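Geometric and topological summary
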Amino acid sequence: ARLDSQCKYALVARGQADGYLRLPTSNEYVEKIWDHAAGLCIATEAGAIVSDVSGKPLDFTHGSRLEQNRGVICATNGLHQRIIATIDELAIAQI
């Protein structure tokens, strides 16, 4: 079933999923803050880690888009670090 981004963050927060990934598919696409701001708050309060694909925190200070970030990773502690390491190894962040 298709779920809104906020629901995917909630699944990680509730322990019903280990992670949620939005990998970059093009250099032009930039994530919108309304797809991630509330979910980030919920997931991090539950102990999840949220960053972009390079491991940088999401930066909500540039208007309506996450201009300083590429993609989004929300995952449990431990898994998040392994996902970032795998992304680095596969050079996914350079896509």
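This text gives an overview of the structure that appears in the document. (Residues numbered from 1 in each chain as written. Predicted model: local features only at pLDDT ≥ 70, side-chain atom pairs only at ≥ 80, totals over all residues. Heavy atoms only, no water.)

**Quick notes on the environment of Arg-65**
The residue Arg-65 is located in the loop between β2 (49-51) and β3 (72-75) in this model. Judged by its relative accessible area of 30%, Arg-65 falls in the partly exposed class. Distance in space between the C-alpha atoms of Arg-65 and Ile-49 is 20 Å, their sequence separation being 16 residues. Beyond its immediate chain neighbours, meaning those up to four positions away, Arg-65 contacts Val-30, Glu-31, Lys-32 and Ile-33. Side chain to side chain, Arg-65 and Glu-67 meet in a polar contact 2.9 Å long. (Helix = DSSP H or I, 4+ residues; strand = E, 2+ residues; numbered from the N terminus. Buried < 20%, exposed > 50% of the residue type's maximum accessible area, 1.4 Å probe, protein only. Contact = heavy atoms within 4.5 Å. Polar contact = N/O pair within 3.5 Å; in protein donor to acceptor, adjacent residues only side chain to side chain.)

**A few points about the pattern of salt bridges**
Note on pairing: side chains with opposite charge can pair once their charged atoms come close. Counting across every chain of the model gives 2 salt bridges. For Arg-22, the salt bridge identified is with Glu-31, shortest N-O distance 3.0 Å. Owing to a relative accessible area of 7%, Glu-31 belongs among the buried residues under this scheme. Of the charged contacts in the structure, one is a salt bridge between Arg-65 and Glu-67, with a shortest N-O distance of 2.9 Å. (Salt bridge = Lys/Arg side-chain N within 4 Å of Asp/Glu carboxyl O.)

**Details of helix α3 (residues 79-90)**
In this model, α3 (12 residues) spans 16 Å end to end at C-alpha, consistent with the 16 Å of a helix rising 1.5 Å per residue. Every buried residue of α3 is listed here: His-80, Ile-83, Ile-84 and Ile-87. Along the axis of α3, the buried positions cluster into a sector of 100°, meaning they face one direction only. Among the exposed residues of α3, those pointing more than 90 degrees away from its buried face are Arg-82 and Glu-89. Buried-residue contacts for α3 involve β1 (19-22), β2 and β3. The first or second residue beyond α3 is Ala-91, which carries a positive phi of 60°. (Expected span 1.5 Å × (residues − 1). Arc of directions from axis to C-beta.)

**Comments concerning helix α2 (residues 37-45)**
Helical geometry: 3.6 residues make up each α-helical turn, so side chains three or four residues apart lie on a common side. All of the buried residues along α2 are Gly-39, Leu-40 and Ala-43. An end-on view of α2 places all buried positions within 100° of arc, on one side of the element. Where the residues of α2 are buried, they touch α1 (5-14), β2 and β3. Positive backbone phi, approximately 105°, marks Gly-47, located one or two places after α2.

**Some details on the packing of aromatic side chains**
Tallied over the full model, the rule gives 1 aromatic pair. When the centroid spacing of 5.2 Å and the interplanar angle of 80° are considered together, the rings of Tyr-9 and Tyr-20 count as edge-to-face. You can see Tyr-9 sitting in helix α1 and its partner Tyr-20 sitting in strand β1, a full 11 residues away along the chain. Like Tyr-9, the residue Tyr-20 is buried in the burial classification. (Phe/Tyr/Trp six-rings, centres within 6.5 Å; stacked < 30°, edge-to-face > 60°.)

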